[in-house]
Amino acid sequence: YVSEFSEHPGSLNLRIFSRQALNLSRELPVLSHFGFEVIDQYSREVTLSGMPVVDMDNFRLEVRDDRIGQIMARRVNIIGALRDVFAGRCGDDELNRLVVVSDLDADEVEVLRAYLAYIHQHALPFSAELVRQTLVEHPSVAEAFIDWLASRFDPAVASEQAAAESEAELDH
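Residues numbered from 1 in each chain as written. Predicted model: local features only at pLDDT ≥ 70, side-chain atom pairs only at ≥ 80, totals over all residues. Heavy atoms only, no water.

Trainee: How should I be thinking about the nonpolar core in this particular structure?
Mentor: Within soluble globular proteins, side chains that are nonpolar generally end up buried alongside one another. In terms of nonpolar packing, the biggest core is built from 34 residues, with Phe-34, Phe-36, Leu-98 and Leu-112 touching the most fellow members. Setting aside residues up to four positions removed in sequence, Phe-36 forms contacts with Leu-31, Leu-61, Val-63, Ile-71, Ile-78 and Val-100. (Core = buried A, V, L, I, M, F, W, Y, C linked by side-chain atoms within 4.5 Å. Buried < 20%, exposed > 50% of the residue type's maximum accessible area, 1.4 Å probe, protein only. Contact = heavy atoms within 4.5 Å.)

The following block contains the structure:
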């Protein structure tokens, strides 16, 4: 959410509600892998009548003002991806930044992660770190590659025409 009140109006914040206290040593690297730099954090217990006590952790994030709108527009995908990472359903590395900077969702990033693991089994001459960094720095390439894969292997969209269009997109 974007803070309207408090000491830092206009700042981007992330609130995490949990039945257990968070471990900052685990949580901060996850947020960093999404490209978020945490400026500060506070915790509070939240008590609702008839409900168990819940911990609320608020993280104030360092984000340029011109990027806040883009991040807020992607918040549903970002929140879903964060939930998947915290639950252990998705990987936790720099590729998660693609959820923030592109139209890819957590499942599509997981497909990229799996494909990268596969091609590294075939002695790719570049390090996995370099390939991940390149995809994050050029999210349109990652999106085009996912479209290329979908045009060939996703039964919902695969067709010769879709394959030709995605091939042309990759050639640019």
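Trainee: Teacher, can you tell me more about the environment of Val-101 here?
Mentor: In this fold, Val-101 is placed in helix α4 (residues 97–101). For the pair Val-101 and Ala-156, spaced 55 residues apart in sequence, the C-alpha to C-alpha distance is 25 Å. Every residue in contact with Val-101, bar those within four places of it in the chain, is listed here: Arg-67, Gln-70, Val-136 and Pro-139. (Helix = DSSP H or I, 4+ residues; strand = E, 2+ residues; numbered from the N terminus.)

Trainee: In this structure, what is going on with the sheet that holds strand β3 (residues 54–62)? I would like to understand it.
Mentor: Hydrogen bonds along the backbone pair up the strands of a sheet, which may run parallel or antiparallel. Taken in spatial order, the 3 strands of this open sheet run β1-β3-β2, and their pairing is antiparallel. Strand pairing shows two members of the sheet lacking a second neighbour, β1 (12–18) and β2 (37–46), which therefore form its edges. For this sheet the average axis-to-axis angle between neighbouring strands, irrespective of direction, equals 20°. (Pairing = 2+ DSSP bridges. Axes fitted to C-alpha atoms, helices over the stretch in contact; angles between N-to-C directions.)

Trainee: Explanation requested: the packing of helix α5 (residues 106–120) against helix α6 (residues 128–137) in the structure shown.
Mentor: The geometry of a pair of packed helices is captured by two quantities: the angle between their axes and the separation between those axes. With their axes 11 Å apart at the nearest point, α5 and α6 run at an angle of 145° to one another. Along this stretch, α5 crosses α6, giving a crossing that reads as right-handed. Of α6, the residues touching α5 (which contributes Leu-112, Leu-116 and His-120) are Ala-128, Val-131, Arg-132 and Leu-135. The class makeup of the residues in the contact of α5 with α6 is 5 nonpolar, 1 polar and 1 charged. (Left-handed = near helix turned anticlockwise from the far one by under 90°. Nonpolar A, V, L, I, M, F, W, Y, C, P; charged D, E, K, R; others polar.)

Trainee: Is there a simple way to think about the side chain of Ser-18 in this case?
Mentor: Among the secondary structure elements, Ser-18 is positioned in strand β1. From its side chain, Ser-18 meets the backbone oxygen of Gln-20 in a polar contact 2.8 Å long. Residues contacting Ser-18, with those up to four places away along its chain left out, are Val-54 and Asp-55. (Polar contact = N/O pair within 3.5 Å; in protein donor to acceptor, adjacent residues only side chain to side chain.)

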